[in-house]
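Structural overview
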Amino acid sequence: MRTIEELEAKLAEPSDALVQDMANIEGDIMLLGVGGKMGPSLARLAMNAIQKAGANKQVYGASRFSSASLKDELERDGVKTIAADLLNPNDLEQLPDVKNVIYMAGNKFGTKGNEGFTWAMNTYLPGQVAQKFRNSRIVVFSTGNVYPLTPVLQGGASELSDTGPVGEYAQSCLGRERVFEYYSKEYSIPMSIYRLNYAIDMRYGVLLEIAKSVQEHRPIDISMGHANCIWQGDANEIAIRSLLACSTPPNIINVTGPETISLRWVAEQFGIRFGQPPLIEGEEADTALLNNAAKSFQLFGYPRVSLMQMIDWIAEWLQQGGEVWNKPTHFQERKGNY
């Protein structure tokens, strides 16, 4: 992959399993918050799966669409776009009723100093959406941040682990889950709660941030010594397929790759590819923000893109001067300040 077009095409390649599941998903699909990092590629993936399945259904994408070009691109790809401010009751009410909703709206970065907006987006809005789409299946995007830091030797928090969000962003995300959970029980809405740590492609993500630091010979703080990640295309597939895993009460699903990744090891891998050793600062803590995604592998199989493949792709992408986004993950954050 050497161009954005090739990258987007790769992200939008459906597996045979997704095509089969798409044939079994009844009704149209609405993506709320389609303008975020994962939304456009998820929409294109859904459209390609529908076409390969020979299914007769529509993908809708709702967003503020601050970028008019994105709206045009998605329309060109067959997505029915709707410009809407979801916090505006009139905009929300005018959205078409559909059988399937993937809820991707939310706020993370910029929470500090703007806590009220974060809580409105992450905790107030879910109640309004649940009431609007009380007759739908809903996949709720959430985050592994609802878990506390866990001992690295335990292999990450599972869906049975206690929650323990650190900081206002993580607290508001648990609030989002609890509000959706309430309405799931109140109206018997089938839901899946999709707890993600971390999706990546070549333009953003924890692996890219480490790779750039190695390439630019900048120090890497490894106090948060371990992490999980998953190729965005695989994460998008799981989100769509989770529509068939919805239940009441909600089915909680951790979503990430299978490895507990040593960030020191990742830095050394990029050092090999770039021909210079990484500059390491600090020592690995005994705890980290980690997910155990064994349940998702049982439901959907293992990710198609391996960790080593992601490392190779990102190294090649940077070496050829590929476009990157200035959207840091703040993976080093241990106190929940976003």
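Below: a short report on this structure.

What counts, and at which threshold
Residues numbered from 1 in each chain as written. Predicted model: local features only at pLDDT ≥ 70, side-chain atom pairs only at ≥ 80, totals over all residues. Heavy atoms only, no water. Salt bridge = Lys/Arg side-chain N within 4 Å of Asp/Glu carboxyl O. Helix = DSSP H or I, 4+ residues; strand = E, 2+ residues; numbered from the N terminus. Buried < 20%, exposed > 50% of the residue type's maximum accessible area, 1.4 Å probe, protein only. Contact = heavy atoms within 4.5 Å. Pairing = 2+ DSSP bridges. Axes fitted to C-alpha atoms, helices over the stretch in contact; angles between N-to-C directions. Parallel < 35°, antiparallel > 145°, perpendicular 65-115°, else oblique. Left-handed = near helix turned anticlockwise from the far one by under 90°. Nonpolar A, V, L, I, M, F, W, Y, C, P; charged D, E, K, R; others polar.

1. Description of the pattern of salt bridges
Taken as a whole and judged by the stated rule, the model has 19 salt bridges. Two residues, E8 and R44, come together in a salt bridge whose shortest N-O distance is 3.3 Å. Of this pair, E8 sits in helix α1 (residues 4–11) while R44 sits in helix α3 (residues 39–53), and the two are 36 residues apart along the sequence. For the pair shown, E8 and R44 are each scored as buried.

2. Some points on the environment of E237
Mapping E237 onto the fold places it in helix α9 (residues 232–241). According to the relative accessible area criterion, E237 is buried, its value standing at 6%. Through-space distance from the C-alpha of E237 to that of A46 is 8.3 Å; in sequence the pair is 191 residues apart. Excluding anything up to four places from it in sequence, E237 contacts E13, P14, S15, L18, L45 and R304.

3. A closer look at the sheet that holds strand β4 (residues 100–103)
Through backbone hydrogen bonds, the strands of a sheet pair up, either in parallel or in antiparallel fashion. Ordered by their spatial adjacency, seven strands build an open sheet running β3-β2-β1-β4-β5-β7-β12, and the pairing between neighbours is parallel. The open sheet has two free edges, formed respectively by β3 (80–83) and β12 (251–255), since each of these has just one partner strand. Strand after strand, the sheet turns through a mean of 20 degrees between neighbouring axes, direction not considered. Note: strand β1 (residues 29–32) against β4, four bridges, orientation parallel. Each bridged residue has a counterpart across the sheet, and for L31 the counterpart in β4 is I102. Relative to β4, helix α6 (residues 115–132) is tilted by about 175 degrees, and along the sheet it contacts β1, β4 and β5 (137–143).

4. Description of the packing of helix α10 (residues 263–274) against helix α12 (residues 307–319)
Between α10 and α12, the shortest axis-to-axis distance is 10 Å and the interhelical angle comes to 45 degrees. In terms of their interaxial angle, α10 and α12 are classed as oblique. Handedness of the α10/α12 crossing: right-handed. Touching W265, Q269, F270, R273 and F274 of α10 are L307, M308, I311, D312, I314, A315, L318 and Q319, all from α12. Looking at side-chain class alone, the contact of α10 with α12 contains nine nonpolar, two polar and two charged residues.

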